[in-house]
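Structural overview for review
Listed below, chain by chain, are the residues.
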Amino acid sequence: MAINEIRSELTSSIVNHILVVEDEQDTAFFLKTLLEEHAYHVTVAKDGGQAHSSFSMHKPDFVILDLIMPQESGFEICERMKQKESEVPILILTAINSPESRQLANRVGADGYLVKPFDTDELLELIKEISDDVWEHAHSETTSTAAQKHIHFFCSCGKRIKVKVKHRGRTLTCPACREALIVPLHD
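**Quick word on the packing of aromatic side chains**
Following the criterion strictly, the structure yields one aromatic pair and no others. Between Phe-30 and Phe-118, the ring centres sit 6.3 Å apart and the planes meet at 55°, which makes this aromatic pair tilted. Residue Phe-30 is located in helix H2 (residues 25-37), and its partner Phe-118 is located in the loop between strand S5 (112-115) and helix H6 (120-139); the two are separated by 88 residues in the primary sequence. When its relative accessible area of 18% is taken as the criterion, Phe-118 is described as buried.

**Some points on helix H3 (residues 48-57)**
Turning to H3, its buried residues number three or more, namely Gly-48, Ala-51, His-52, Ser-54 and Phe-55. For H3, the arc enclosing every buried residue in end-on projection is 165°, short of the 170-degree limit, so these residues lie on one face. Each element contacted by the buried residues of H3 is listed here: strand S1 (17-21), strand S2 (41-45), strand S3 (62-65) and helix H4 (74-84). The N-cap of H3, judged by a side-chain oxygen 3.1 Å from the amide nitrogen of Gly-49 a few residues on, is Asp-47.

**Digging into the confidence of the model for the chain**
Considering every residue of the chain, the mean pLDDT works out to 84; 87% of them sit at 70 or more. Per-element confidence in the chain ranges from a low mean pLDDT of 45 for helix H1 (residues 3-14) to a high of 96 for S3. Taken together, the stretch residues 141-147 has pLDDT below 50 and engages in one contact with residues farther than four places along the chain or on a different chain.

**Regarding a negative patch on the surface**
Taken together, Asp-119, Asp-121, Glu-122, Glu-125, Glu-129 and Asp-133 make up a surface patch of like negative charges. With respect to the helices and strands, the residue Glu-129 is situated in helix H6. Residue Glu-129 is classed as partly exposed on the basis of its relative accessible area of 40%.

**Brief notes about unusual backbone geometry**
The amide bond that connects Lys-116 to the next residue, Pro-117, takes the cis arrangement and shows omega of -10°. Looking at where Pro-117 falls in the secondary structure, it is placed in the loop between S5 and H6. The residue Ala-39 is not glycine, and still its phi comes out positive at about 70°. Note that Ala-39 resides in the loop between H2 and S2. The phi torsion at Arg-178 lies on the positive side, around 70°, for a residue other than glycine.

Here is what the cut-offs are and how they apply
Each chain has its residues counted from 1, following the order in which its sequence is written. The predicted origin of the model limits local features to residues at a pLDDT of at least 70 and limits the giving and counting of side-chain atom pairs to 80 or more, whereas totals for whole chains, interfaces and linings rest on all residues. Heavy atoms throughout the structure, all of them, feed into the side-chain values; hydrogens and water do not. The pairing test for Phe, Tyr and Trp rings, Trp by its six-membered ring, is centres within 6.5 Å, and the orientation test on the planes gives stacked under 30 degrees, edge-to-face over 60, and tilted for anything in between. Strands are runs of DSSP state E lasting at least two residues, helices are runs of H or I lasting at least four, and both sets are numbered from the N terminus onward. Remark: exposure states derive from per-residue accessible area (1.4 Å probe, protein chains only) relative to the maximum for the residue type, with buried under 20%, exposed over 50%, and partly exposed in between. Along the arc lie the directions from the helix axis toward the C-beta atoms. Here, two residues are considered to be in contact whenever any of their heavy atoms come within 4.5 Å of each other. Any pair of nitrogen or oxygen atoms within 3.5 Å is treated as a polar contact; in protein, a donor-acceptor pairing is required on top of that, and neighbouring residues in sequence qualify only through side-chain atoms on both sides. By definition, pLDDT measures how confident the predictor is in each residue, and it falls between 0 and 100. Nonpolar side chains (Val, Leu, Ile, Met, Phe, Trp, Tyr) within 5 Å and like charges within 9 Å form the patches, drawn only from residues with over 30% relative accessible area and no salt bridge. Note on areas: these come from Shrake-Rupley sampling with a 1.4 Å probe, and a residue is covered only by the protein chains present in the view. When a carboxyl oxygen of Asp or Glu is within 4 Å of a side-chain nitrogen of Lys or Arg, the pair counts as a salt bridge. Only four residue types enter the tally: Lys and Arg on the positive side, Asp and Glu on the negative side, with His and both chain ends excluded. Charge placement uses NZ in Lys and CZ in Arg. For Asp and Glu, CG and CD serve respectively.

Written out as structure tokens, the structure reads:
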């Protein structure tokens, strides 16, 4: 059996329950139907309150999250979910297509970013890829103790920055371009 076939089987056994956080009823219905056709169990939440309740009560294996939500933004929802369970993959699915939005999504812990309108095959493939990546990262035996004490990220100028984990969420200045940066809360 090829490695990709094994990975595919692992992913399908890892991702069974997907939480879709989407306030637009037609989009939520479309996503629920599509995912259920591919043998996923799907729960839909239409706002942050429902999302947090469902996330806490029925920990999903994967989250698909819109950014434009009533009362609480998708960024805030993502950050709170990642603080509770950093190993649950979160894919941002939004109409916002800007570098700033992608950077903020990365800083709050999102594992992927897909812009609407989207290709359904691409969405399904991203679910597999992201869940594989998050699972491998969480279960990697090669993580050294030094890597656990430091995080690495990139400035928009391309400079790779290494800081201690205790600096997560703090602001620092890039030594290359002098731009103010916020240290990501999650890897």
